[in-house]
Amino acid sequence: MSVDIGSRLRHLRMMRNLSQRELAKRAGVTNSTISLIESNSANPSVGALKRILDGIPIGLAEFFAFEPERPRKAFYRSDELTEIGKGPISYRQIGDNLFGRSLQILKECYQPGSDTGKVPLVHEGEEGGIVLSGRLEVTVDDERRILGPGDAYYFESRRPHRFRCVGPVACEVISACTPPTF
């Protein structure tokens, strides 16, 4: 029997309204460690998993006994999207429980001047999106493009990347990522 440690950890972290950064800080590990575990790209040792779970807090036995229901809902009204972002970037996710799912879909809204940070994001998987409104600067490796309404991106997420809203109006994007990374 195989246990999906990554999805289980992501689900419990989100149930406690913790960001990957906050959990990493509490556990004394790097944010990328949490990201790699949640995407099932790294298997933590028992000791490392215990330190991470202490940050939630939940015990090892409870962690492995926990079995959330898999989402069965197929349709979502706009007000049912789950906000998982903070500050000047809104990430509204389809579904509040991604346990057992292999795809994450977001409606993103970047306020003017907001970005995902100076340090590029890197994680396993693939992601893509289409700009609905505004202008979004997308950097992947050393390549940078400014995308407008109707423009799109798609790349392997292990390539260093970042996003920044350019221009005087907010930028809205519909994106998808597999496996889920938030």
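This report concerns the structure included in the present document. (Residues numbered from 1 in each chain as written. Predicted model: local features only at pLDDT ≥ 70, side-chain atom pairs only at ≥ 80, totals over all residues. Heavy atoms only, no water.)

Structurally, the position occupied by R92 is in strand β2 (residues 89-93). One buried charged residue, R92, remains without a salt bridge, the closest side chain of opposite sign being E83 at 4.8 Å. From its side chain, R92 meets the backbone oxygen of S78 in a polar contact 2.2 Å long. Other than its neighbours up to four places away in sequence, R92 contacts S78, D79, L81, T82, E83, I105, L106 and K107. (Helix = DSSP H or I, 4+ residues; strand = E, 2+ residues; numbered from the N terminus. Buried < 20%, exposed > 50% of the residue type's maximum accessible area, 1.4 Å probe, protein only. Lys, Arg positive; Asp, Glu negative; His and termini not counted. Salt bridge = Lys/Arg side-chain N within 4 Å of Asp/Glu carboxyl O. Polar contact = N/O pair within 3.5 Å; in protein donor to acceptor, adjacent residues only side chain to side chain. Contact = heavy atoms within 4.5 Å.)

Side-chain positions along a regular strand alternate between the two faces of the sheet. In terms of burial, β2 is a largely internal element, five of the five residues being buried. The pairing of strand β1 (residues 82-83) with β2 spans two bridges and is antiparallel. Looking across to β2, one finds that T82 is bridged to Q93. Linking β1 back to β2 in an antiparallel pair, the connection comprises five residues, with G87 at a positive phi of about 65°. For β2 and strand β3 (residues 104-110), the ladder comprises five bridges, and the chain directions are antiparallel. Within the sheet, the bridge partner assigned to R92 lies in β3 and is K107. (Pairing = 2+ DSSP bridges.)

So, about the pairing of strand β7 (residues 152-156). Residues Y153 and F155 point to one face of β7 and are all buried, whereas A152, Y154 and E156, pointing to the other face, are not buried. Here five bridges tie strand β4 (residues 126-133) to β7, and the two strands are oriented antiparallel to one another. When the bridges of β7 are listed, E127 appears paired with F155.

Once that is clear, we can look at the packing of aromatic side chains. Across all of its chains, the model carries six aromatic pairs by this definition. Pairing Y153 with F163 gives two aromatic rings, centres 5.3 Å apart and planes at 50°, and the pair type is tilted. Of the two residues, Y153 is situated in strand β7 and F163 in strand β8 (residues 161-166); the sequence distance between them amounts to 10 residues. Classification of F163 as buried rests on a relative accessible area of 3%. An aromatic cluster of at least three residues, connected via ring pairs, comprises Y91, Y110, Y153, F155 and F163. (Phe/Tyr/Trp six-rings, centres within 6.5 Å; stacked < 30°, edge-to-face > 60°.)

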